[in-house]
Amino acid sequence: SLASPNNAVIISDGCSPLQSVVQSFSVKSGQRVIFPSGIEMPGFSLAAALGVSDHKGRQIICICESLGFIKSFSVLQSIADYNIPIKIFVINNRLHSHIRKVQEDHFGQRYVGTSSQSFFNKDFLKTIASNYRLNYYQLSSWSNLDQIGSILNSPNGTVINVGVAEGEELLPRIGFDVSTDGKWEAKPLHDMYPYIEAQKLEAIMSFLSGDSNERC
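Residues numbered from 1 in each chain as written. Predicted model: local features only at pLDDT ≥ 70, side-chain atom pairs only at ≥ 80, totals over all residues. Heavy atoms only, no water.

Description of the overall build of the protein
Right, on to step 1. Across its full length, the protein carries eight helices and eight strands.
Right, on to step 2. Among the 216 residues that make up the protein, the fraction classed as buried is 38%.
Right, on to step 3. Taking the contacts inside the protein whose residues are at least 6 apart along the sequence as the reference set, 64% of them involve residues at least 24 apart. (Helix = DSSP H or I, 4+ residues; strand = E, 2+ residues; numbered from the N terminus. Buried < 20%, exposed > 50% of the residue type's maximum accessible area, 1.4 Å probe, protein only. Contact = heavy atoms within 4.5 Å.)

Take a look at the structure:
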């Protein structure tokens, strides 16, 4: 967010990219952020980025997961055909990371359809970018972050592969309980993962509501 210009339009996919953007992106005056709140649709950001690309003079930044990226090949063709300088940051968490986390927490780590065997090879993003005549960069460590400024200033459409450590968690996040009759119940917003022990959480909520004069 620090390197993005004040006139940027930032568009995010749902799921993991959306959570990352709303939790950590610092929006500047003059910027606009668009995301599919409540839809969680992979592939939204690239199509939406193409839709707003007619705003001349504004930097278009797209943030998506690898799953949303591979569902948007027709959009990539349009970006290539019209030489639209959209910057596409692909959060490469090896597909279905949010589903794998649910499988880990609630289904005994049975990774059905999301195991490592189902992933594309490690160079698939680079290959796709090349096929659509887009520039390609890989950000795999903190030391690469100083490249972002020059990437954003490039006049060409660009795919930026943002590496994510396997098993990396997004914190904080909403948790769920499964009741005895098998129903999923979301925990309240004040009780997010990683969880605070119940007694301490109760004391904090009591203090905030004014029901207690004790310090937490």
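Here's the deal with the nonpolar core
Right, on to step 1. Core analysis: the largest hydrophobic core is formed by 29 residues, its most contacted members being Ile11, Leu46, Phe69, Leu76, Ile79, Ile86 and Ile88.
Right, on to step 2. When contributions to this core are tallied by element, the ones reaching two or more residues are strand S1 (9-12), helix H2 (44-52), strand S3 (60-65), helix H3 (66-70), helix H4 (73-81), strand S4 (87-92) and helix H6 (124-131).
Right, on to step 3. The residues touching leucine 46, leaving out its near neighbours within four places in the chain, are Cys62, Phe69, Ser72, Val75, Leu76, Ile79 and Ile88.
Right, on to step 4. Grouped together as the second largest cluster of nonpolar side chains are 15 residues, Phe25, Phe89, Ile148 and Val164 included. (Core = buried A, V, L, I, M, F, W, Y, C linked by side-chain atoms within 4.5 Å.)

Here's the deal with the sheet that holds strand S2 (residues 32-34)
Right, on to step 1. Taken in spatial order, the six strands of this open sheet run S2-S1-S3-S4-S6-S5, and their pairing is parallel. Each having just a single partner strand, S2 and strand S5 (135-139) make up the two edges of the open sheet. Taken pair by pair, the neighbouring strands of this sheet meet at an average axis angle of 20°, ignoring direction.
Right, on to step 2. With three bridges joining them, S1 and S2 adopt parallel strand pairing. Its bridge partner lying in S2, isoleucine 10 is registered against valine 33.
Right, on to step 3. Across the face of the sheet, helix H1 (residues 16-24) comes into contact with S1, S2, S3 and S4 while running at roughly 130° to S3. (Pairing = 2+ DSSP bridges. Axes fitted to C-alpha atoms, helices over the stretch in contact; angles between N-to-C directions.)

These values are about where atoms sit, not about what they do.
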